[in-house]
Amino acid sequence: MKIYTLHSKQNLPISLDEAWEFLSNPKNLKVITPEYMGFKTLSGDDREMFPGQIIQYIVTPVLGIPMKWVTEITHVKDKKYFVDEQRFGPYDLWHHKHFLKEIAGGVEMEDIVDYKVPMGIIGQLVHPFLVKPKLNEIFEFRRKKLIELFGEFKG
């Protein structure tokens, strides 16, 4: 069983409060997801994030095929971190840790995603040229969108 890790860091020129308010609000996921993903929240984004929160989405990650994705917010520490875990969706495992840290001139946002692709050895074979590039593309879109929304970090 191969578990992959995606690690991403980005500095934003905003306050910790602003970063937390935006990033911990499930309604903003659509804003930082590429349009072609067809991202739509079905339920669970109607209140402030809390441990045990179930959020249901429709997303089209591959070949335009819509798929239901259900995540649970398992851990929340106000203005420090939150964790979402897939309960149902395209991965055999999806564990996404979001960390925020105040730095000089803004905030550092760090993501660590541990994931396992489905379909055993076939999934592992397609990972390098299908899954990994797609995840990198999505996170790069998010990086650019956050710069568009909040400006470039000058440090």
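Keep in mind that what you see is a predicted model, and the values were worked out from it rather than measured. (Residues numbered from 1 in each chain as written. Predicted model: local features only at pLDDT ≥ 70, side-chain atom pairs only at ≥ 80, totals over all residues. Heavy atoms only, no water.)

K.L.:
Hey, could you run me through the overall build of the protein in this one?
P.N.:
Each helix and strand in the protein was counted, giving 2 helices and 7 strands. Going residue by residue from the N terminus, the α and β elements of the protein occur as β-α-β-β-β-β-β-β-α. The globule rule puts the C-alpha radius of gyration for 155 residues at 15 Å, and the 15 Å found for the protein is close to it. Along the longest, intermediate and shortest principal axes, the C-alpha atoms of the protein span 45 × 30 × 30 Å. For the protein, the residues scored as buried account for 43% of the 155 residues in total. Sequence-distant contacts, at least 24 apart, represent 47% of the contacts inside the protein between residues at least 6 apart. A total accessible area of about 8,800 Å² is found for the protein, and carbon and sulfur atoms account for 57% of it. (Helix = DSSP H or I, 4+ residues; strand = E, 2+ residues; numbered from the N terminus. Rg over C-alpha atoms; globule rule 2.2 N^0.38 Å. Buried < 20%, exposed > 50% of the residue type's maximum accessible area, 1.4 Å probe, protein only. Contact = heavy atoms within 4.5 Å. Areas by Shrake-Rupley, 256 points an atom, 1.4 Å probe, with all protein chains shown as cover.)

K.L.:
Can you walk me through the pattern of salt bridges in this structure?
P.N.:
Pairing is possible between side chains of opposite charge, provided their charged atoms come close. Tallied over the full model, the rule gives 13 salt bridges. Among the ionic pairs, Lys9 bridges to Glu108, the shortest N-O distance being 4.0 Å. Taken together, the residues Lys9 in strand E1 (residues 4–12) and Glu108 in strand E7 (residues 106–116) connect sequence positions 99 residues apart. Residue classification places Glu108 among the buried residues on the basis of a relative accessible area of 14%. Glu140 is the partner of Lys144 in a salt bridge, and the nearest nitrogen-oxygen pair spans 3.9 Å. In this pair, Lys144 and Glu140 both sit in helix H2 (residues 120–150), 4 residues apart, roughly one turn of the helix. Here Glu140 falls in the partly exposed class, since its relative accessible area comes to 29%. (Salt bridge = Lys/Arg side-chain N within 4 Å of Asp/Glu carboxyl O.)

K.L.:
Sorry, what's going on with the sheet that holds strand E3 (residues 53–59) here?
P.N.:
Note on sheets: strands pair through backbone hydrogen bonds, and any given pair is parallel or antiparallel. Read from one edge to the other, the open sheet built from 7 strands follows the order E1-E7-E6-E5-E4-E3-E2, with strand pairing classed as antiparallel. Each edge of the sheet is formed by a strand with only one pairing partner; in this case those strands are E1 and strand E2 (40–43). Strand after strand, the sheet turns through a mean of 25° between neighbouring axes, direction not considered. Of the strand pairs in this sheet, strand E6 (residues 93–103) and E7 are connected by 11 bridges, and their pairing is antiparallel. Residue His96 lies in a different strand from E7, and its bridge partner there is Val113. Those strands touched by helix H1 (residues 16–23) are strand E4 (67–77), strand E5 (81–88), E6 and E7, and its axis lies near 160° from that of E6. Packing of H2 onto the sheet brings it into contact with E1, E6 and E7, and relative to E1 it is tilted by some 15°. (Pairing = 2+ DSSP bridges. Axes fitted to C-alpha atoms, helices over the stretch in contact; angles between N-to-C directions.)

K.L.:
Explanation requested: the nonpolar core in the structure shown.
P.N.:
Nonpolar side chains tend to gather and get buried jointly when the protein is soluble and globular. In terms of nonpolar packing, the biggest core is built from 32 residues, with Leu100 and Tyr115 touching the most fellow members. Of all the secondary-structure elements, those providing two or more residues to this core are E1, H1, E3, E4, E6, E7 and H2. (Core = buried A, V, L, I, M, F, W, Y, C linked by side-chain atoms within 4.5 Å.)

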